[in-house]
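# Summary of structural features
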Amino acid sequence: MKKTFLFLFCVSVILACGPQRNQSPMKGIILNTHDLSTVPDWPERAANNGINTISTHMFPGEVLDFIRSEKGQAFMKRCQELGIKVDHQLHAMGELLPRDLFSLDSTMYRMDEHGHRVNDFNCCVHSIRALDTIAAHAVRVSQELVPTNHRYYYWLDDGKPTCQCDQCRQYTISEQALIIENHVVKALRRHDPQAMLAHLAYFNTLEAPRKVKPEEGVFLEFAPFLRSWEHPICDTLAQGRGMTHAQNLKYLKENLEVFPTETAVILEYWLDVSLFSGWKKPAVELPWRKDVFLADVETYRSMGIRHFTSFAVYMDSVYWKTFPDQTPLREYGEGLK
Ligand SMILES: [Zn+2]
């Protein structure tokens, strides 16, 4: 009897914690569809350098087109053969709430600071119809863009304004994002019981949500976009863009008081050629700082974080032809061992 009870207890604990809490640590990179389609051996490059996850980027429609293509199918197959996980990190709101439904029901869309409903970006998170529409489209996209690690990413429109209606403006942008995510994760879990959905803390959503609590399955993705990469994040006096590293770490700490640490992911820019090129081609050679990267990993790990990824956008065929040295990739994979 006691043994049966113990067995049932263990099973229920495992089910309650969910297999995602035991996921092996993510050692990821994020690439756009141009990078992936011009460098067909990205799965091999990743595997050879100790990278275990490749994320596609940036909008649902373009990633769908890539994954449906012959090159996209070959990419998925090769990743599966090499044991590389694939997920899709998407600025999604503009597509999940189609802009042409405005004439049908303008209250699904955000109110601007002048009190006008506008269909430029994001949505009104107090429109249940908007939330249902977003969730239904997220489920539809997820059936083709299936993350092999059960991690889904449907972010807000990149750095864009959100709703200012009487109800929404009582919430921060982070809280508005979390209201959407809580609705979407429940819809995703009806199709994939292990589904996890990212809450991206970045730029205008760095502040931790307080008035809204995350549903089961929402995980923190923290992207310190406003830091400096010339100094380690533990150099608290270092000045990033508009804030110090101390402020960045404060935001991270506050978010870890709201979201589970064991599923949290750091989304960094250590390998982000696009950022260091000012998002303009021709790309510059990555100013790789192994010392900064290793110090950062130590800092994040000291806070309990196990999962890491980095943008590596602009590492396309022209980049590798111009700068063939793979040392940064190798040192990145090794540093995350
Ligand atoms: Zn609103």
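Figured I'd write up the structure that's included with this text. Bear in mind that the values here come from a model prediction, so they are computed numbers and not experimental data.

## Considerations on the pairing of strand 9 (residues 265–268)
- The two faces of strand 9 match: Val265 and Leu267 on one face and Ile266 and Glu268 on the other face are all buried.
- Taken together, the 2 bridges between strand 8 (residues 218–223) and strand 9 define a ladder with parallel strand orientation. Across the sheet, residue glutamate 221 finds its bridge partner in strand 9, namely valine 265.
- On the question of chirality, the crossover connecting strand 8 to the parallel strand 9 by way of helix 9 (residues 245–256) is right-handed.
- In terms of strand pairing, strand 9 meets strand 10 (residues 307–311) through 4 bridges, oriented parallel. The residue of strand 10 that forms the bridge with valine 265 is histidine 307.

## Quick notes on the packing of helix 7 (residues 128–144) against helix 8 (residues 173–191)
- For the pair helix 7 and helix 8, interaxial distance at closest approach is 9 Å and the crossing angle is 45°. When the interaxial angle is binned, helix 7 and helix 8 end up oblique. Between helix 7 and helix 8 lies a crossing whose hand is right-handed. Listed contacts from helix 8 to Ile128, Leu131, Asp132, Ile134, Ala135, Ala138, Val139, Ser142 and Gln143 of helix 7 are Ile179, Ile180, His183, Val184, Ala187, Leu188 and His191.
- The residue inventory of the contact of helix 7 with helix 8, partitioned by class, reads 11 nonpolar, 4 polar and 1 charged.

## Quick look at the coordination of the zinc ion
- Taken together, the protein ligands of the zinc ion are Cys124 (SG), Cys163 (SG), Cys165 (SG) and Cys168 (SG), with distances of 2.3 to 2.4 Å.
- Around the zinc ion, the 4 donor atoms sit at angles spanning 105 to 113°, and that spread fits a shape best called tetrahedral.
- Mapped onto the polypeptide sequence, the residues donating to the zinc ion form the spacing pattern C-x38-C-x1-C-x2-C. Remark: cysteine 165 occurs in the loop between strand 6 (151–155) and helix 8 and cysteine 124 occurs in the loop between strand 5 (117–118) and helix 7; sequence separation between them is 41 residues.
- The class for cysteine 124 is buried, based on a relative accessible area of 3%.

About the thresholds
Residues numbered from 1 in each chain as written. Predicted model: local features only at pLDDT ≥ 70, side-chain atom pairs only at ≥ 80, totals over all residues. Heavy atoms only, no water. Buried < 20%, exposed > 50% of the residue type's maximum accessible area, 1.4 Å probe, protein only. Helix = DSSP H or I, 4+ residues; strand = E, 2+ residues; numbered from the N terminus. Pairing = 2+ DSSP bridges. Right-handed = clockwise from strand over helix to strand, strands pointing away. Axes fitted to C-alpha atoms, helices over the stretch in contact; angles between N-to-C directions. Parallel < 35°, antiparallel > 145°, perpendicular 65-115°, else oblique. Left-handed = near helix turned anticlockwise from the far one by under 90°. Contact = heavy atoms within 4.5 Å. Nonpolar A, V, L, I, M, F, W, Y, C, P; charged D, E, K, R; others polar. Donors = N, O, S within 2.8 Å, 3.2 Å for Na, K, Ca; no water. Tetrahedral: all angles 85-135°; square planar, octahedral: opposite > 155°, others 65-115°.

Don't take any of this as a statement about function, it's just geometry.
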